[in-house]
Amino acid sequence: MRSVKRTEKPEILKEKADQWTQELLKAIEENGSYSKVSNTIKRRYNQPEIKQALKEMYDGCCCYCEGRVGDVSYGTIEHLKPESRFPEYAFEWENLHLCCGICNTTKKVKWDDNNPILDPTVDRIEDYLRINLISGEYEPINNNERAKTTIEHTDLNRSKLIEKRKGIVVAYCKYALQGKELQYIEDNIKLLGERTLYETIKNTQIK
């Protein structure tokens with residue numbers, strides 16, 4: 001998981017977000033619950049230009065696990081604050097992110113008011129989370145509660161992710177021992193969408 005700079009709001013959200021929000025809230029009131037509202041009204045955020053903007057913002061990677069979308073699963077538009085619990089933010093650009101299907105399914109409608117999940121476009125992720133190069137696991141820095149929430153809600157330490165990270169560490173060491181140039185190693189590892197792990201390895205100066 002890494003920090004990114006949020007890009008400019010897509011034009012369709014500038015034009016339609018307020019209207020869509022009011023119509024959604026009205027539909028919830030009329031139907032008695034979010035679950036009973038038509039997907040035609042609820043899923044208006046699922047627009048090609050919105051998804052494309054998110055892909056560009058996250059360089060095609062999941063906002064949580066950093067898996068390259070399309071490799072780990074089909075990408076989906078993620079609501080940091082779940083839209084079923086916070087419908088007023090369903091079409092807010094600041095609440096939308098790019099996520100792989102696995103992280104999205106794992107997170108579902110989880111939310112902790114006291115220790116909310118980290119926002120890659122707002123929080124300095126490196127102040128909260130680090131990767132243990134031996135175990136392959138994400139760890140909270142200074143036992144931070146928001147970091148714990150993030151790891152738990154998205155299952156950042158699921159077995160397949162840990163195996164992938166360990167494999168990248170081994171590959172890095174192998175490349176380095178073969179005398180490969182740093183740029184060659186960087187290019188190959190970034191193809192896997194694990195930039196945070198790569199930076200951790202590089203900064204540790206494994207020889």
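For the structure given in this document, a descriptive report is provided here. Quick caveat, the model's predicted, so the values are computed rather than measured.

## Notes on empty space enclosed by the protein
In this approach, a probe sized like a water molecule rolls over the atoms, and the result shows the empty space that is left.
So, point 1. As enumerated under the stated definition, the model contains one cavity of 30 Å³ or more in all.
So, point 2. If you add up the space inside the largest cavity, you get close to 30 Å³.
So, point 3. When the residues that make up the lining of the largest cavity are grouped by side-chain class, the tally is five nonpolar, no polar and two charged.

## Examining the layout of surface pockets
So, point 1. Estimated volume of the largest pocket: approximately 270 Å³.
So, point 2. Together, 14 residues line the largest pocket, and R43, Y45, H79, E83 and N104 are the ones closest to its centre.
So, point 3. Looking at the lining of the largest pocket element by element, the count peaks at four residues for strand β1 (residues 75-79).
So, point 4. Grouping the amino acids of the lining of the largest pocket by side-chain chemistry returns five nonpolar, five polar and four charged.

## What about the environment of W93?
So, point 1. Structurally, W93 can be placed in the loop between β1 and β2 (96-100).
So, point 2. Each C-alpha atom of the pair W93 and T7 lies 9.5 Å from the other, and the pair is 86 residues apart in sequence.
So, point 3. If we skip the residues at most four places from it in the chain, W93 touches R6, T7, E8, K9, P10, L13, I50, A53, L54 and M57.
So, point 4. Only 2.8 Å separates the side chain of W93 from the backbone oxygen of T7, close enough to count as a polar contact.

## Points about the side chain of R158
So, point 1. Relative to the helices and strands, R158 resides in the loop between α5 (145-154) and α6 (159-177).
So, point 2. Despite its burial, R158 pairs with no opposite charge; the closest candidate is D155, at 5.1 Å N-O.
So, point 3. Excluding residues within four positions of it along the chain, R158 makes contact with C65, C100, I102 and C103.

Reading the values: the criteria
Residues numbered from 1 in each chain as written. Predicted model: local features only at pLDDT ≥ 70, side-chain atom pairs only at ≥ 80, totals over all residues. Heavy atoms only, no water. 1 Å grid on protein atoms, 1.4 Å probe; cavity = no way out; pocket = protein on both sides within 12 Å on 5 of 7 lines; lining within 4 Å. Points joined across faces, edges and corners; volume = space filled by probe spheres on them. Nonpolar A, V, L, I, M, F, W, Y, C, P; charged D, E, K, R; others polar. Helix = DSSP H or I, 4+ residues; strand = E, 2+ residues; numbered from the N terminus. Contact = heavy atoms within 4.5 Å. Polar contact = N/O pair within 3.5 Å; in protein donor to acceptor, adjacent residues only side chain to side chain. Buried < 20%, exposed > 50% of the residue type's maximum accessible area, 1.4 Å probe, protein only. Lys, Arg positive; Asp, Glu negative; His and termini not counted. Salt bridge = Lys/Arg side-chain N within 4 Å of Asp/Glu carboxyl O.

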